[in-house]
Amino acid sequence: MTSGRLKLCGLFMVLATAAPAAAMASGMGMMGGGQMPSTSPAMPSGPRYNAAEEAKSGAAAFDAGRFKDAARYFEHVTEVEPKAAVGWYMLGMARAAAGDDRSAVRAYEKSVKLDPVRIDARRDYAVSLARLKQADKAGAQLDGLKSEAASCNETCPQASDLKAAIAAVQQAMTPTQAAPGPAARLDTPANLLFAASQAGDLAYVRAVSLINERRYPEAMASLDQAEAAFGPHPDILTYKGYTWRKLGRLDRAEADYKRALVMAPGHRGATEYYGELKVIRGDLAGARAMLARLDGECAFGCAEAEDLRRWIEHGGDPAS
């Protein structure tokens, strides 16, 4: 990577129907040959299901009120991507909407364990626990949300989400609360899980812009929104890995690079950035293995291979 900005990978294409996205995207690089997640396939290799397509089918089923069908699709997502917190969250939401809080709790619990900072999953986990009369466990989640809100002191970007989450859990824990019907069990107005693909693409473009501005925590929030809209997608996972790396979370960066490469073994961006991560960790042999993969993919050479080669020769970021 040069000059601190993400580079253009292949032909660049902005949303034809979204002028704001086009304005934000000007001059930025995109993964997946410049396509948006809504039009760029996940290119699975081996798994029985395409996680991104199953997530889209699940979202459509949910919007149509077919909650059990939605849960089945999201089960497929978790089968392919068992370490993706968003997949388990999708599954929990669908099960809760179908009136099965007991199964929803199991899915939410896995989501929260995989991503303990995800506010919406913690909120809905606590709400389902409250409906099952598991007050102690619901209270523990509520205490965690309250503690985070107190630390935030209404100044952090997630302040409004925390406030809304606390209110939702407290309402669910109120004994006089009437139990809602199955179709009314989800209340996630700020969540992009079932938003139109254009909204997911906008979140994706916004994330790239924020990364280029080095606003990494905000970029991660936008990437979470994009992943919520599309499910696991190699382009999104690659950017999440890059952002985690910039935030100093090399373990999480590696996990997302690996997930991206399982779904799309020939993904050049993920291969390059994973190679750079190996250089950072001093694993030059591993970095050279990533470079060999890129050289095999790029018959006539490509920017990703050349950039990684410079990283290896320099023993780190050549721009530093």
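The text that follows walks through the structure, step by step, so that each part is easy to find.

Conventions we followed
Residues numbered from 1 in each chain as written. Predicted model: local features only at pLDDT ≥ 70, side-chain atom pairs only at ≥ 80, totals over all residues. Heavy atoms only, no water. Helix = DSSP H or I, 4+ residues; strand = E, 2+ residues; numbered from the N terminus. Buried < 20%, exposed > 50% of the residue type's maximum accessible area, 1.4 Å probe, protein only. Contact = heavy atoms within 4.5 Å. Areas by Shrake-Rupley, 256 points an atom, 1.4 Å probe, with all protein chains shown as cover. Expected span 1.5 Å × (residues − 1). Axes fitted to C-alpha atoms, helices over the stretch in contact; angles between N-to-C directions. Parallel < 35°, antiparallel > 145°, perpendicular 65-115°, else oblique. Left-handed = near helix turned anticlockwise from the far one by under 90°. Nonpolar A, V, L, I, M, F, W, Y, C, P; charged D, E, K, R; others polar. Phe/Tyr/Trp six-rings, centres within 6.5 Å; stacked < 30°, edge-to-face > 60°. Lys NZ or Arg CZ within 6 Å of the ring centre and 35° of its normal. Core = buried A, V, L, I, M, F, W, Y, C linked by side-chain atoms within 4.5 Å. Salt bridge = Lys/Arg side-chain N within 4 Å of Asp/Glu carboxyl O. Disulfide = S-S within 2.5 Å.

### Structural notes on the overall build of the protein
So, point 1. From N to C terminus, the protein includes 15 helices and zero strands.
So, point 2. Here the protein holds 320 residues, and the buried ones make up 51% of them.
So, point 3. Across the protein, every contact between residues at least 6 apart in sequence was considered, and the portion connecting residues at least 24 apart equals 59%.
So, point 4. Carbon and sulfur atoms form 53% of the exposed surface of the protein, whose accessible area is close to 14,300 Å².

### Describing helix 12 (residues 250-263)
So, point 1. Relative to the 20 Å expected for 14 residues at 1.5 Å per residue, helix 12 spans 20 Å between its end C-alpha atoms, a close match to the ideal helical length.
So, point 2. Buried positions along helix 12 lie against helix 2 (51-63), helix 10 (216-230), helix 11 (234-246), helix 13 (268-280) and helix 14 (284-297).

### Things to note about the packing of helix 6 (residues 119-131) against helix 7 (residues 135-152)
So, point 1. At their nearest, the axes of helix 6 and helix 7 sit 8 Å apart, and the two run at 150 degrees to each other. With respect to each other, helix 6 and helix 7 are oriented roughly antiparallel. Both helix 6 and helix 7 take part in a crossing whose hand is left-handed. Seen from helix 6, the contacting residues are Ile119, Arg122, Arg123, Tyr125, Ala126, Leu129 and Ala130; seen from helix 7, they are Lys137, Ala138, Gln141, Gly144, Leu145 and Glu148.
So, point 2. A per-class count over the contact of helix 6 with helix 7 returns seven nonpolar, two polar and four charged.

### Focus on the packing of aromatic side chains
So, point 1. This model, assessed by the stated rule, comprises six aromatic pairs.
So, point 2. Here the aromatic rings of Tyr257 and Tyr273 are separated by 6.5 Å at their centres, their planes lie at 40 degrees, and the arrangement is tilted. Residue Tyr257 is found in helix 12, and its partner Tyr273 is found in helix 13; the two are separated by 16 residues along the sequence. Take Tyr257 and Tyr273: they sit in the same class, and that class is buried.
So, point 3. Among the aromatic side chains, those forming a connected cluster through ring pairs are Tyr242, Tyr257, Tyr273 and Tyr274.
So, point 4. A cation sits over an aromatic face here: Arg72 above Tyr73, 5.2 Å from the ring centre.

### Side note on the nonpolar core
The nonpolar side chains of a soluble globular protein tend to be buried with one another.
So, point 1. Ranked by size, the top nonpolar core spans 41 residues in total, and within it Ile211, Tyr257 and Leu308 carry the most contacts.
So, point 2. Of all the secondary structure elements, the ones that give two or more residues to this core are helix 9 (197-212), helix 10, helix 11, helix 12, helix 13, helix 14 and helix 15 (303-314).
So, point 3. Tyr89, Val112, Ala130 and Ala159 belong to the second-largest nonpolar core, a separate cluster that totals 25 residues.

### Some thoughts on helix 13
So, point 1. Under the 1.5 Å per step criterion, the end-to-end length of helix 13 is 18 Å for 13 residues, consistent within 8% with the ideal 18 Å.
So, point 2. For helix 13, the tally of buried residues reaches eleven of 13 residues, placing the bulk of the element in the interior.
So, point 3. The set of residues buried in helix 13 consists of Gly269, Ala270, Thr271, Glu272, Tyr273, Tyr274, Gly275, Glu276, Leu277, Lys278 and Val279.
So, point 4. Its buried side turned inward, helix 13 meets helix 11, helix 12, helix 14 and helix 15.
So, point 5. Gly282 lies just past helix 13 and shows a positive phi near 85 degrees.

### Section: the pattern of salt bridges
So, point 1. On inspection of all chains with the given rule, the structure shows 23 salt bridges.
So, point 2. The salt bridge involving Glu276 is made with Arg245; its shortest N-O contact spans 2.9 Å. Of the two residues, Glu276 sits in helix 13 while Arg245 sits in helix 11, which places them 31 residues apart along the sequence. Grouping residues by exposure puts Glu276 and Arg245 together as buried.
So, point 3. The salt bridge partner of Asp256 is Arg259, with a shortest N-O separation of 2.9 Å. Taken together, the positions of Asp256 and Arg259, both in helix 12 and three residues apart, correspond to about one turn of that helix. There is no split in this pair, since Asp256 and Arg259 are both buried.
So, point 4. Within the structure, one salt-bridge network assembled from shared partners comprises Glu81, Asp224, Glu227, Lys240, Asp256 and Arg259.

### Focus on the environment of Ala130
So, point 1. Residue position: Ala130 is located in helix 6.
So, point 2. Classification of Ala130 as buried rests on a relative accessible area of 10%.
So, point 3. Ala130 sits 40 residues away from Gln170 along the chain, and the two C-alpha atoms are 9.1 Å apart.

### A look at the packing of helix 4 (residues 85-97) against helix 6
In a pair of packed helices, the angle between the axes and the distance between the axes together describe the arrangement.
So, point 1. Direction vectors running N to C along helix 4 and helix 6 enclose 35 degrees, while the axes themselves pass 11 Å from each other. Judged by the sense of rotation from one axis to the other, the crossing of helix 4 with helix 6 is left-handed. Across the interface between the two elements, Tyr89, Met93 and Ala96 from helix 4 touch Asp120, Ala121, Arg123, Asp124 and Ser128 from helix 6.
So, point 2. Grouping the amino acids of the contact of helix 4 with helix 6 by side-chain chemistry returns four nonpolar, one polar and three charged.

### Let's talk about the state of the cysteines
So, point 1. Considering all chains together, one arrives at one disulfide under this definition.
So, point 2. A sulfur-sulfur distance of 2.0 Å marks the disulfide that ties Cys298 to Cys302. Taking the sign of the torsion about the S-S bond as the criterion, the disulfide between Cys298 and Cys302, at about 60 degrees, is right-handed. Taken as a pair, Cys298 and Cys302 share a single burial class, namely buried.

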